[in-house]
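# Residue-level structure breakdown
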Amino acid sequence: MIRRIQNIVAESRVTLPVTVVYAVAIWLLTGLLKEQWWIQFVCFAASVALMMELNNQNLLIRVFSRMVSSTYIVLTCTAVFLFPSLSGAILQLCTIAALCLLYHTYQDKASMGWIYFAFLCVGLGSLMDIHMFWYVPLLWVIMTWFTYSLSWRTFFASLLGLLTPYWFIAAWKSYHGKEALIAGIKEVSHSFDLIVQPDYAALTLQQTLFLAFLVILAIAGTIHFLLTSYHDKIRVRQLYYSFIIMTCFSCVLIGLQPQHYDMVIHLMIITVSPLIAHYVALTHSRLSNIVFIVISAITLILTGFNIWMSSFLF
């Protein structure tokens, strides 16, 4: 088998360290020290570690490759305009942690503890953006069709995990008066309101270009996986199907509610990364090598454009 550039990159042990150095350089260049984005950077580093764990725990790629975490790093650093978002960084970290815990329950309908902590992470993430609740029914679908872990006990464990952060908040708000508690309840109820006029003018050129790039990567990765999924184990297939359905849901959601771009795009980066990593690591043709080079070039160009538009240096 001919080893092309994409295969050398995908299977090399130095790919991950190089991308880590690349990420640190991007964060420094865009203003990590000047803007004091230390909490966001720590969340990013923790998210990378969890993406590595997600890959190792579930063997997402059937050859030795660090492309899942490397792709996550590169895509996150492409969207440098997301760096200042503390809520997005925490929400992204909570979501990856939730997926790691959720996928640990594969074919285990008695895993109430794992489910509780997975949905506790979702609940904590929703404190950053209450509209995270839109993804909760989708997670129940994933538990039913893809991880086969939904039972009445795990369902109630998930509800308990979701509500745990809000029990503490309700107690705190009750301490500060009835009005504060009622205001908090109204805020939660508004998260289920999808009948809101879409505000497409809220999207900047940077956001639109990055979204289009992610969608293209998602389509390429999904088509490749669907055509070659018979090579993967059943468990791995089920997890990739969940990535696909979450990506599709995110695309629909951002089409309906573009004003929630910050939340949705953070989650899309998580689910698109394994899809395109699967494509890069497990294709070997001359065409796929050209596609890899084109994707890499577009990534660098888009990153440079976003740095130019966002960095304090310009």
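In this text the structure is predicted, and so the values were computed from the model without any measurement.

Before going further, it helps to examine the overall build of the chain. Assigned secondary structure in the chain consists of 14 helices and zero strands. Ordered by position from the N terminus, the helices and strands of the chain form the series α-α-α-α-α-α-α-α-α-α-α-α-α-α. Taking 2.2 N^0.38 as the reference for a compact globule, 314 residues should give roughly 20 Å; the C-alpha atoms of the chain span a radius of gyration of 20 Å, in line with that estimate. In the chain, which comprises 314 residues, the share counted as buried stands at 51%. Looking at the chain alone, contacts between residues at least 24 apart form 80% of all its contacts between residues at least 6 apart. Approximately 14,800 Å² of the chain is accessible, and the part contributed by carbon and sulfur atoms is 73%. The average position of the 15 basic charges and that of the 11 acidic charges among the side chains of the chain differ by 13 Å.

Among the secondary structure elements, Ser-111 is positioned in the loop between helix H6 (86-103) and helix H7 (112-128). With ten residues separating them along the chain, Ser-111 and Leu-101 place their C-alpha atoms 10 Å apart. With sequence-adjacent residues up to four places away left out, Ser-111 is seen in contact with Thr-105 and Thr-154.

Formed by 88 residues in total, the largest nonpolar core has its most connected members in Phe-44 and Phe-210. Examining the composition of this core, we find that 16 residues originate from one element, helix H13 (residues 261-282), more than from any other. Each residue touching Phe-44, except ones within four places of it in the same chain, is listed here: Ala-23, Trp-27, Tyr-72, Ile-73, Thr-76 and Cys-77.

Looking now at a nonpolar patch on the surface. A cluster of nonpolar side chains, contributed by Val-20, Val-24, Leu-28, Leu-33 and Trp-38, occupies part of the molecular surface with about 410 Å² of accessible area. Here Val-24 is to be found in helix H2 (residues 15-30).

Its place among the elements puts Ala-46 in helix H4 (residues 38-58). By relative accessible area, which is 28% here, Ala-46 ends up partly exposed. Ala-46 sits 50 residues away from Ile-96 along the chain, and the two C-alpha atoms are 9.7 Å apart.

Running from amino to carboxyl end, H2 crosses H4 at an angle of 165°, the nearest separation of the two axes being 12 Å. Between H2 and H4, the crossing angle belongs to the class labelled roughly antiparallel. Judged by the sense of rotation from one axis to the other, the crossing of H2 with H4 is right-handed. Contacts from Leu-16, Ala-23, Val-24 and Trp-27 in H2 reach Gln-40, Phe-41, Phe-44 and Met-52 in H4. For the contact of H2 with H4, the residue count by class is seven nonpolar, one polar and no charged.

Another aspect to go through is the packing of aromatic side chains. Taken as a whole and judged by the stated rule, the model has 21 aromatic pairs. Judged by centre distance (4.9 Å) and plane angle (25°), the rings of Phe-225 and Tyr-240 are stacked. A residue pair is termed long-range when its members are at least 10 positions apart, and Phe-225 in helix H11 (residues 205-228) and Tyr-240 in helix H12 (residues 234-256) qualify at 15 residues. Among the aromatic residues, those joined into a ring-pair cluster are Trp-27, Trp-37, Phe-41, Phe-44, Tyr-72 and Phe-83. Here Arg-13 stacks its cationic end above the ring of Phe-64, 4.3 Å away from the centre of that ring.

Next up on the list: helix H8 (residues 136-145). At 3.6 residues per turn, the α-helix brings residues three or four places apart onto the same side. Listing the buried residues of H8 in full gives Val-136, Leu-138, Leu-139, Ile-142 and Met-143. Down the axis of H8, the smallest arc covering the buried residues is 155°, so these residues share one side.

Turning our attention to the side chain of Gln-206. Counting through the fold element by element, Gln-206 comes out in helix H11. Apart from the residues within four sequence positions on either side, Gln-206 is in contact with Phe-81, Phe-305, Asn-306, Met-309 and Ser-310.

When you line up the elements, Gln-92 lands in helix H6. Here Gln-92 falls in the buried class, since its relative accessible area comes to 4%. Setting aside residues no more than four positions away along its own chain, Gln-92 makes contact with Ser-47, Tyr-72, Thr-76, His-266, Ile-269 and Ile-270.

The terminal C-alpha atoms of H6, which comprises 18 residues, lie 26 Å apart, in line with the 26 Å expected from a rise of 1.5 Å per residue. For H6, the tally of buried residues reaches 14 of 18 residues, placing the bulk of the element in the interior. The N-cap residue of H6 is Ser-85: its side-chain oxygen and the backbone nitrogen of Gly-88 are 3.0 Å apart.

Rules of the game
- Residues numbered from 1 in each chain as written.
- Predicted model: local features only at pLDDT ≥ 70, side-chain atom pairs only at ≥ 80, totals over all residues.
- Heavy atoms only, no water.
- Helix = DSSP H or I, 4+ residues; strand = E, 2+ residues; numbered from the N terminus.
- Rg over C-alpha atoms; globule rule 2.2 N^0.38 Å.
- Buried < 20%, exposed > 50% of the residue type's maximum accessible area, 1.4 Å probe, protein only.
- Contact = heavy atoms within 4.5 Å.
- Areas by Shrake-Rupley, 256 points an atom, 1.4 Å probe, with all protein chains shown as cover.
- Lys, Arg positive; Asp, Glu negative; His and termini not counted.
- Charge placed at Lys NZ, Arg CZ, Asp CG, Glu CD.
- Core = buried A, V, L, I, M, F, W, Y, C linked by side-chain atoms within 4.5 Å.
- Patch = residues over 30% accessible without salt bridge, like charges linked within 9 Å, V, L, I, M, F, W, Y side chains within 5 Å.
- Salt bridge = Lys/Arg side-chain N within 4 Å of Asp/Glu carboxyl O.
- Axes fitted to C-alpha atoms, helices over the stretch in contact; angles between N-to-C directions.
- Parallel < 35°, antiparallel > 145°, perpendicular 65-115°, else oblique.
- Left-handed = near helix turned anticlockwise from the far one by under 90°.
- Nonpolar A, V, L, I, M, F, W, Y, C, P; charged D, E, K, R; others polar.
- Phe/Tyr/Trp six-rings, centres within 6.5 Å; stacked < 30°, edge-to-face > 60°.
- Lys NZ or Arg CZ within 6 Å of the ring centre and 35° of its normal.
- Arc of directions from axis to C-beta.
- Expected span 1.5 Å × (residues − 1).
- Polar contact = N/O pair within 3.5 Å; in protein donor to acceptor, adjacent residues only side chain to side chain.

As far as function goes, none of this settles anything; it's purely spatial.
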